[in-house]
Amino acid sequence: MNAAGPIGQGHRLAGRPALATAALFAAGIALFRVVPDWPWVWIGLAAMLIIAGAMARRAALSSLAIIAALLLAGASSAQIEAFHFSRSHIGLFTTADSRLASIELEITGLPRATPANGGRQSARQIVRAQVVRLKTWTGWQPADGEVVLSYLQASPVLAAGQRVTVTGMLQRPAPPDNPGEFDWQAYYRRQRVVAEMRVARASDLHIVDSRSASWISGAREKARAWIGKGFLPRWEVDRELLVALVVGDRGPAMQGVEDDCNATGASHLLASSGLRVGILAGCIYLICQLIRLRPRLTLSMVTSGVVLLGCAMNPTSQALRPIIACGAFGIGLYMRRSIDAVQILGMAAALLLAVKPMELYSPGFQLTFVVVLGLLVLARPAFNAIDQRLRNPDLDVLQQFGRLTRAQRAMRLIKRRILELAVAGAVAWIVSLPLICYHFEQINPWAVPVDLILLPVTIVALACGFLKLILTAIVPGAAPIWAAIAELPLWILRHGVSLATKLPGADIPVTPPPIWWIVLFYVLLIALCIVWLMPHRPARRAFRLSFGGAWAMSLALPALVGFSSSRPASGQLKITVLAVGAGQCIAVEPPDGKIVFFDAGSNSLSDPLRSCIGPFLRSEGRGSADDLFISHGDYDHIDAAEGLLNRYSLHDFYASPFLQRHSAESKTCQHLLATLDRAHHLPHLLKAGDRMDLDGLSIQVLWPPADCAMNSNNSGVVLRLTFAGRSVLLPADIQAPPEAALIEHPELLHSDILIAPHHGSSESTTAAFVAAVDPKLIISSDARRLTNKQHAFETMIDHRKLLRTGAEGAVTLQIDRNGTISTTPFHSGEKSLLKQ
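Figured I'd write up the structure that's included with this text. (Residues numbered from 1 in each chain as written. Predicted model: local features only at pLDDT ≥ 70, side-chain atom pairs only at ≥ 80, totals over all residues. Heavy atoms only, no water.)

A short note on empty space enclosed by the protein
Evaluated as defined, the whole model comprises 3 cavities of 30 Å³ or more. Of the volumes computed, that of the largest cavity is approximately 80 Å³. In this structure, the largest cavity is lined by Gln-584, Phe-598, Asp-599, Phe-629, Ile-630, Ser-631, Val-717, Leu-719, Leu-730 and Ala-732. Contributing elements (two or more residues each) for the lining of the largest cavity: strand 13 (596-602) and strand 14 (627-630). Across the lining of the largest cavity, the residue classes tally to 7 nonpolar, 2 polar and 1 charged. (1 Å grid on protein atoms, 1.4 Å probe; cavity = no way out; pocket = protein on both sides within 12 Å on 5 of 7 lines; lining within 4 Å. Points joined across faces, edges and corners; volume = space filled by probe spheres on them. Helix = DSSP H or I, 4+ residues; strand = E, 2+ residues; numbered from the N terminus. Nonpolar A, V, L, I, M, F, W, Y, C, P; charged D, E, K, R; others polar.)

Section: the nonpolar core
Within the largest apolar cluster, 45 residues are counted, with the highest numbers of intra-cluster contacts made by Leu-241, Leu-245 and Phe-466. Setting aside chain neighbours within four positions, we find Leu-245 in contact with Leu-269, Leu-270, Arg-276, Thr-458, Ala-461, Leu-462, Leu-490 and Leu-493. In terms of nonpolar packing, the next biggest core, distinct from the first, is built from 31 residues, Met-692, Ile-699, Ile-779 and Val-811 among them. (Core = buried A, V, L, I, M, F, W, Y, C linked by side-chain atoms within 4.5 Å. Buried < 20%, exposed > 50% of the residue type's maximum accessible area, 1.4 Å probe, protein only. Contact = heavy atoms within 4.5 Å.)

Brief notes about the pairing of strand 15 (residues 652-655)
Both faces of the sheet carry side chains from a regular strand, because those side chains alternate between them. With 4 bridges joining them, strand 14 and strand 15 adopt parallel strand pairing. Bridge pairing in strand 15 links Leu-628 to Phe-653. By the bridge criterion, 2 bridges tie strand 15 to strand 16 (residues 684-685) in an arrangement that is parallel. Residue Ala-655 lies in a different strand from strand 16, and its bridge partner there is Leu-685. (Pairing = 2+ DSSP bridges.)

Some thoughts on helix 20 (residues 608-619)
Given a rise of 1.5 Å per residue, 12 residues ought to cover 16 Å, and the 15 Å separating the end C-alpha atoms of helix 20 matches this to within 8%. The buried count for helix 20 comes to 10 of 12 residues, which makes it a mostly enclosed element. Within the sequence span of helix 20, burial applies to Pro-608, Leu-609, Cys-612, Ile-613, Gly-614, Pro-615, Phe-616, Leu-617, Arg-618 and Ser-619. Looking at the residues trailing helix 20, positive phi occurs at Gly-621, about 75°. (Expected span 1.5 Å × (residues − 1).)

With respect to the packing of helix 6 (residues 236-247) against helix 17 (residues 479-500)
One way to put it is that helix 6 packs onto helix 17 with a least axis distance of 10 Å and a crossing angle of 90°. By the angle between their directions, the pair helix 6 and helix 17 is classed as roughly perpendicular. Seen from helix 6, the contacting residues are Val-237, Asp-238, Leu-241, Leu-242 and Leu-245; seen from helix 17, they are Ala-486, Glu-487, Leu-490, Trp-491, Leu-493 and Arg-494. Split into classes, the residues belonging to the contact of helix 6 with helix 17 amount to 8 nonpolar, no polar and 3 charged. (Axes fitted to C-alpha atoms, helices over the stretch in contact; angles between N-to-C directions. Parallel < 35°, antiparallel > 145°, perpendicular 65-115°, else oblique.)

A look at the environment of Leu-110
Examined against the element boundaries, Leu-110 turns out to sit in the loop between strand 1 (99-107) and strand 2 (112-114). With 16 residues separating them in the primary sequence, Leu-110 and Ile-126 have C-alpha atoms 8.7 Å apart. If we ignore the near neighbours within four places in the chain, the residues touching Leu-110 are Ile-126, Val-127, Ala-160, Ser-217, Arg-220, Glu-221, Arg-224 and Asp-249.

A look at the sheet that holds strand 20 (residues 726-730)
The mixed open sheet is built from 7 strands, whose spatial order is 17-18-19-20-21-22-23. One side of each edge strand has no neighbouring strand; the edge strands of this open sheet are strand 17 (691-694) and strand 23 (801-804). For this sheet the average axis-to-axis angle between neighbouring strands, irrespective of direction, equals 20°. Of the pairings in the sheet, the one linking strand 19 (residues 718-723) to strand 20 comprises 5 bridges and is antiparallel in character. Bridged to Leu-721 within strand 20 is Val-728. Contacts between helix 27 (residues 766-773) and the sheet are confined to strand 20, strand 21 (753-755) and strand 22 (777-780), with strand 21 contributing the most and set at about 145° to the helix.

Details of helix 17
Over its 22 residues, helix 17 extends 31 Å from the first C-alpha to the last, a length consistent with the 32 Å expected when each residue adds 1.5 Å. Approximately 30° is the largest bend angle found in helix 17, and it occurs at Glu-487, with the proline Pro-489 only one to four residues beyond. Among the residues of helix 17, those classed as buried are Ala-479, Ala-483, Ala-486, Glu-487, Pro-489, Leu-490, Leu-493, Gly-496, Val-497 and Ala-500. Against helix 6, helix 7 (255-264) and helix 16 (447-474) lie the buried residues of helix 17. (Bend = angle between axes of the 7 residues up to and from the residue.)

What about the sheet that holds strand 15?
Note on sheets: strands pair through backbone hydrogen bonds, and any given pair is parallel or antiparallel. In spatial order, the strands read 16-15-14-13-12-11-24-25-26; together these 9 strands make up an open sheet with mixed pairing. Every interior strand has two partners, whereas the edge strands, strand 16 and strand 26 (832-833), have only one. Contacting strand 11 (573-577), strand 12 (583-589) and strand 13, helix 20 crosses the sheet at an angle of about 155° to strand 13.

Regarding the environment of Ala-587
For Ala-587, the location among the structural elements is in strand 12. Using a relative accessible area of 0% as the deciding quantity, one classes Ala-587 as buried. Residue contacts for Ala-587: discarding those within four places in its chain leaves Lys-574, Ile-575, Thr-576, Ile-595, Val-596, Phe-597 and Phe-616.

Notes on unusual backbone geometry
Cis peptide bonds are those with omega within 30 degrees of zero, and the linkage from Trp-703 to Pro-704 qualifies with 10°. In this fold, Pro-704 is placed in the loop between strand 18 (697-703) and strand 19. With phi around 70°, Asp-599 is a residue other than glycine that occupies positive phi space. The residue Asp-599 is located in strand 13 in this model. Accessibility expressed as a relative area gives 2% for Asp-599, which makes it buried.

Here we look at a nonpolar patch on the surface
Taken together, the side chains of Leu-286, Ile-287, Leu-290, Ile-291, Leu-467, Leu-471, Ile-474 and Val-475 present a nonpolar region at the surface, about 730 Å² in accessible area. Those elements that place two or more of their residues in the nonpolar patch are helix 9 (273-290) and helix 16. With respect to the helices, strands and loops of the structure, Val-475 is situated in the loop between helix 16 and helix 17. On the basis of relative accessible area, Val-475 is assigned to the partly exposed category, the value being 38%. (Patch = residues over 30% accessible without salt bridge, like charges linked within 9 Å, V, L, I, M, F, W, Y side chains within 5 Å. Areas by Shrake-Rupley, 256 points an atom, 1.4 Å probe, with all protein chains shown as cover. Salt bridge = Lys/Arg side-chain N within 4 Å of Asp/Glu carboxyl O.)

Considerations on the packing of helix 25 (residues 736-743) against helix 27
Their axes nearest at 10 Å, the elements helix 25 and helix 27 cross at an angle of 40°. By the angle between their directions, the pair helix 25 and helix 27 is classed as oblique. Note that helix 25 runs across helix 27; the crossing there is left-handed. Counting all contacts with helix 25, which are made through Glu-739, Leu-742 and Ile-743, the residues of helix 27 involved are Thr-766, Ala-768 and Phe-769. (Left-handed = near helix turned anticlockwise from the far one by under 90°.)

A closer look at the side chain of Gln-700
Within the secondary structure, Gln-700 is located in strand 18. For Gln-700, the residues in contact, after removing those within four places along its chain, are Asp-690, Arg-691, Val-718, Leu-719, Arg-720 and Leu-748.

Here it is, written out as structure tokens:
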């Protein structure tokens with residue numbers, strides 16, 4: 001009997017009612033915004049159509065009725081999930097603006113702890129919680145719904161099952177503020193979470209009841225504890241990597257590993273629930289074989305172990321799909337029924353969509369089912385076609401007569417398995433390509449060879465992880481031994497992914513393709529599948545080649561169209577003031593194609609590089625940055641500078657000559673200077689009077705003077721950018737003394753655009769300084785909640801137009817060769833021309 005190998009048997013799509021049901025239900029969900037919001041009417045109509053279809057005498061009429069019923073059922077379920085909430089739902093008490101509230105909550109999820117960052121960002125715990133009661137003007141009232149609780153303290157430690165009362169700021173999850181930024185509002189909205197509660201002080205959180213968590217939550221906590229037990233402190237990254245591999249939780253210590261996996265297209269090695277299920281089933285099967293259990297008992301043990309793994313994992317669609325599939329597979333074998341993998345996949349999709357219709361829009365759901373379906377349908381025929389061309393007929397003859405040596409048999413088996421893995425990786429890469437481009441804005445050309453190399457290491461690491469979980473539960477005292485054994489493959493995996501990021505072109509940023517292109521891609525792919533399975537007749541070869549050529553053209557579209565990005569048109573200057581809250585980060589893109597950053601930091605964001613700057617670079621189609629100007633060494637201006645230097649290959653670094661002197665006031669500044677020293681990357685020091693040119697963009701340094709003895713803010717670098725006769729002034733965080741000195745030379749200050757000094761805060765010299773600059777537009781980088789000095793600033797600018805990033809999101813300026821200035825706030829997306 002010929003083994004199926006890692007890619008399984010080939011499958012046809014015809015005659016798969018479960019798959020057709022899932023597809024039609026998904027199509028109905030996709031139409032939920034098109035049809036009127038009458039879900040109960042559609043449910044009743046769907047029920048009537050099902051009855052009519054069952055009574056119809058003609059098969060065609062019956063099929064049409066069932067198809068219409070499934071479409072209506074999908075649309076109605078999505079409308080209920082998206083739009084319909086109870087009258088006491090917490091979402092009805094929230095707005096986009098935060099407001100003070102007191103709520104009683106029951107913690108339902110496992111808290112995710114984030115450590116303190118740089119001494120300025122406090123430690124925090126983030127957890128999902130169910131609302132029990134809400135305090136109103138008439139007292140405590142029952143309420144329902146889920147919230148995201150952000151507790152900005154490390155203690156007391158939150159745990160699943162606790163009931164707490166909290167007082168803090170209640171608001172809706174915020175939409176993205178910058179190009180490319182992850183949309184947390186839409187992410188939570190798909191899960192019916194429309195409220196976020198921020199609690200800053202320990203005195204505002206009180207644990208009312210520490211009742212035991214549910215057995216599922218208890219199982220999750222136990223599994224994580226057993227996996228992490230026994231690791232030395234210096235192995236913290238490997239401990240969190242093992243937890244991520246086994247149960248899917250990702251801690252803050254492995255952010256670097258996660259970034260490397262994302263950059264190489266190997267993130268599925270951390271998120272592949274199917275691989276987890278397969279390795280766990282293999283480990284349990286091996287143990288059962290060693291103790292000589294009967295086959296049916298072994299099957300029961302394997303199925304039970306997989307179900308328990310599902311309880312220990314977070315209930316996401318990509319986690320539940322293999323659990324449902326394996327459970328159905330085990331039940332089928334136990335009952336001695338035939339197994340159809342495509343049917344099981346369709347059943348899993350239909351069940352998940354019936355419970356959570358909005359999961360259809362989740363990238364994880366889409367990738368999970370598209371990739372698995374592609375592997376089931378395409379991998380085996382593709383392997384057979386390639387294997388026939390690579391086979392040695394002489395060795396085939398020797399194998400038929402049993403004359404192959406052991407070495408030859410082993411070599412043939414190894415080559416076959418490697419080819420199977422390569423074909424499976426290539427098929428998965430191709431079928432997922434449009435979704436990867438659309439959701440993650442990247443292409444990873446090295447993904448298949450990297451997978452081939454790292455997959456065996458990942459399998460060994462997973463096997464060690466499951467064995468450690470089982471053995472630690474049995475012999476807890478030997479946990480350090482099991483941890484030491486598991487650490488080696490984890491170390492190899494971690495460093496292997498890191499080395500893969502050094503490959504040229506490992507991560508190519510692209511702009512998301514349009515929906516019509518994705519639809520065209522899959523239509524052509526389905527057509528190719530149909531043509532591929534047609535009989536090999538000479539008359540149909542031309543038909544075959546035409547579809548194959550069209551499909552190949554669709555594969556080439558990313559290279560022809562997708563690499564075009566939102567970079568400025570030829571001959572334009574583009575400036576983007578990113579919305580980083582209380583901080584500043586300005587991206588300048590001169591006509592020569594470079595991208596230069598002016599400051600990179602935030603007091604509001606815990607990791608501005610990963611949450612804001614990195615996604616912005618990707619949205620611009622860039623995998624690197626060129627230069628970085630640092631105005632001064634305050635945390636809210638340099639927080640992300642070290643990360644930019646390490647990850648994005650900065651060429652030149654410009655700073656104030658007084659940065660070293662003021663570094664004693666900032667540990668983050670000290671770390672940045674130490675990193676520059678280790679990299680032998682000496683900064684260029686800027687002082688008043690310096691000039692430089694970047695393809696028509698003139699940069700003039702106005703401040704500080706060579707002998708400045710002021711504090712860090714007032715020793716910051718002030719720059720005036722000039723292009724096509726237009727100018728932009730960047731005064732950093734200067735306050736009254738530098739402003740008074742600069743006012744004495746108004747001819748140097750006059751600019752069309754002013755980036756508000758010190759985040760739009762008022763000083764005694766503000767009115768005179770703004771009058772000297774005489775800008776047509778002022779842009780301020782600030783948080784949503786303004787200080788009194790920021791409110792006062794608005795009264796001192798003589799009714800000039802002011803855009804604050806806290807309210808408008810990122811603000812983009814474009815200046816063309818003719819000097820025309822256009823502005824585009826991110827939230828509104830409305831482009832307007834600045835009056836001459």
